[in-house]
Amino acid sequence: ENSTACPANATICDGTSCVLPEDNFNQTLSVVLSTVLTIMLALVMFSMGCNVELKNFLGHIKRPWGIFVGFLCQFGIMPLTAFLLSLAFNILPIQAVVVLIMGCCPGGTASNVIAYWVDGDMDLSISMTTCSTLFAMGMMPLCLFIYTKMWTDSDAIVLPYDSIGISLVALIIPVSFGIFVNYKWPTKAKIILKVGSIVGAVLIVLIAVVGGILYKGSWIITPKLWIIGTIFPAAGYILGFFLARIAGLSWHRCRTVSLETGMQNTQLCSTIVQLSFTPEQLELMFTFPLIYSIFQLLFALLILGGYRLYRRHRVKTKTDVEKTAQKEDSKSSPKTNGGFVSDEMK
């Protein structure tokens, strides 16, 4: 009876509601691309490390005011924003949980690449990403315990500590090599940094495209999650920037904290979701990490474009002021010299 409504290879079939097994092509593509992306990401983080001064990096660790502000943004602002958005839009409990998981995730490595392009503090950016990933071991369970009580039992959410640990290792090792290269061969480090920053920009776009290919079957999702996926990263960028400014950080550090706050580790969120929920539940919320990833990238590119325009305008304005001053000096100096010469001749 159900054979006319569901495909023969459906693993779960209830009337017209079917869950199909993952396509073998997608499985192979996922393994190949994840391997390639991991290698590329390690190379990008190596190049980002080439822009980190060991002295400045250790300075942030010894005087961790910037890291502390980032910690408040990452594990204070983001989970609270996720909670308030879930309440405001009155979404299903299972959907509220995935929004909260996203809010409790540590910062993503893409923020380091964007921070470089907006002239952020790379030492602070990498130290924040490293510390937030490390703190996530304890802060994610705590935040989920506090905020998910009204929707589900926090024990039902499986946290992949091995994935968090791998993310930490994949971040620390290449960055450490990059810092060493910058210390020993600063000239070569600058070349590596330029190449790596371009590769990193390509990698960010590639990850978004790959996500769209792999999860093309999961795009049917409630409009409320689309709206939350749009508002959430924007709120993270804005609130992170203002909190950093209120805390007295400089403008380039405010930009850094803003990016670290809004850009989350969406791959980690996807892993937690897959480990914690049934196929029926995944149909309702599996695409949210990808939606968040797309909009966090779009807003980051808008921030980058806005900053570049501002910088270009400011440089032009400075140049015009200098030229005007030079013209005024050149006009006034002949009159003075001329007067002096003519008086002397008289």
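Predicted model only: the values in this text are computed from it and were never measured.

What counts, and where the lines are drawn
Residues numbered from 1 in each chain as written. Predicted model: local features only at pLDDT ≥ 70, side-chain atom pairs only at ≥ 80, totals over all residues. Heavy atoms only, no water. Core = buried A, V, L, I, M, F, W, Y, C linked by side-chain atoms within 4.5 Å. Buried < 20%, exposed > 50% of the residue type's maximum accessible area, 1.4 Å probe, protein only. Helix = DSSP H or I, 4+ residues; strand = E, 2+ residues; numbered from the N terminus. Expected span 1.5 Å × (residues − 1). UniProt positions renumbered as here; feature names shortened; annotations may be inferred. Phe/Tyr/Trp six-rings, centres within 6.5 Å; stacked < 30°, edge-to-face > 60°. Polar contact = N/O pair within 3.5 Å; in protein donor to acceptor, adjacent residues only side chain to side chain. 1 Å grid on protein atoms, 1.4 Å probe; cavity = no way out; pocket = protein on both sides within 12 Å on 5 of 7 lines; lining within 4 Å. Points joined across faces, edges and corners; volume = space filled by probe spheres on them. Nonpolar A, V, L, I, M, F, W, Y, C, P; charged D, E, K, R; others polar. pLDDT = per-residue confidence, 0-100. Contact = heavy atoms within 4.5 Å. Axes fitted to C-alpha atoms, helices over the stretch in contact; angles between N-to-C directions. Parallel < 35°, antiparallel > 145°, perpendicular 65-115°, else oblique. Left-handed = near helix turned anticlockwise from the far one by under 90°.

Membership of the largest hydrophobic core comes to 42 residues, with the highest contact counts inside it found for Val99, Ile101, Met140, Phe232, Val273, Phe277 and Phe288. For this core, the secondary-structure elements that each account for two or more residues are α3 (65-89), α4 (93-104), α6 (122-147), α9 (223-246), α11 (266-276), α12 (279-285) and α13 (288-345). When residues of this core are assigned to their parent elements, the largest contribution, nine residues, is made by α4. Listed in part, the 23 residues of the second largest apolar core include Met48, Val118, Ile179 and Tyr237.

To continue, consider helix α7 (residues 161-184). Its 24 residues place the ends of α7 34 Å apart at the C-alpha level, agreeing with the 34 Å of an ideal helix rising 1.5 Å per residue. Within α7 the residues assigned to the buried category are Ile164, Gly165, Leu168, Leu171, Pro174, Val175, Gly178, Ile179, Val181 and Asn182.

UniProt annotation of "transmembrane region" (unreviewed entry) refers to residues 29-47, 67-89, 96-118, 124-147, 159-179, 191-213, 225-247 and 290-310 when read in the numbering used here. Here residues 67-89 runs as 100% helix and 0% strand, with 32 Å between its end C-alpha atoms. Measuring from the first to the last C-alpha atom of residues 225-247 gives 32 Å, for a span that is 96% helix and 0% strand.

Under the counting rule described, the total for this entry stands at 10 aromatic pairs. Note on phenylalanine 241 and phenylalanine 242: the rings are 6.0 Å apart at their centroids and 90 degrees apart in plane angle, and the pair reads as edge-to-face. Classification of phenylalanine 241 by relative accessible area gives partly exposed; the value is 22%. Look at phenylalanine 242 and you get exposed, because its relative accessible area is 51%. Three or more aromatic residues joined by ring pairs form one cluster here, namely Phe71, Phe75 and Phe135.

Turning our eyes to something else, we now look at the side chain of arginine 255. The residue arginine 255 is located in helix α10 (residues 251-262) in this model. Of note is the side chain of arginine 255, whose polar atom sits 3.1 Å from the backbone oxygen of aspartate 119.

A separate point is α10. Relative to the 16 Å expected for 12 residues at 1.5 Å per residue, α10 spans 17 Å between its end C-alpha atoms, a close match to the ideal helical length. With nine of 12 residues buried, α10 is to be regarded as a mostly interior element. Taken as a whole, α10 has its buried residues at Cys254, Arg255, Thr256, Val257, Ser258, Leu259, Glu260, Thr261 and Gly262.

Attention now goes to the layout of surface pockets. Size it by volume and the second largest pocket reaches roughly 220 Å³. Together, Val118, Ala234, Tyr237, Ile238, Phe241, Arg255, Ser258, Leu259, Phe299 and Ile303 line the second largest pocket. The biggest single contributor to the lining of the second largest pocket is α9, with four residues. Its residues assigned to classes, the lining of the second largest pocket comprises eight nonpolar, one polar and one charged.

So, on to the confidence of the model for the chain. In the predicted model, the chain carries a mean pLDDT of 78, and the fraction of residues at 70 or more is 74%. Throughout residues 334-346 the model reports pLDDT below 50, and contacts reaching past four residues in sequence, or to other chains, amount to two contacts.

Along the polypeptide, asparagine 56 turns up in helix α2 (residues 54-62). In this structure the C-alpha to C-alpha distance between asparagine 56 and aspartate 121, which are 65 residues apart in sequence, comes to 9.8 Å.

Summed over the entire model, instances satisfying the criterion amount to one cavity of 30 Å³ or more. Approximately 70 Å³ is the volume found for the largest cavity. Residue lining of the largest cavity: Ile67, Gly70, Phe71, Gln74, Phe75, Met128, Thr129, Cys131, Ser132, Phe135 and Glu260, and that is the complete set. Those elements that provide at least two residues to the lining of the largest cavity are α3 and α6.

We now examine the packing of α4 against α11. Packed helix pairs are characterised by how far apart their axes lie and by the angle those axes make with each other. The geometry of α4 relative to α11 is characterised by a closest axis approach of 9 Å and an angle of 140 degrees between their N-to-C directions. On the basis of their axis angle, the class for α4 and α11 is oblique. Crossing hand, α4 versus α11: right-handed. Of the residues in α11, those touching α4 at Val98, Ile101 and Met102 are Thr266, Cys269, Ile272 and Val273. Among the residues forming the contact of α4 with α11, the class breakdown is six nonpolar, one polar and no charged.

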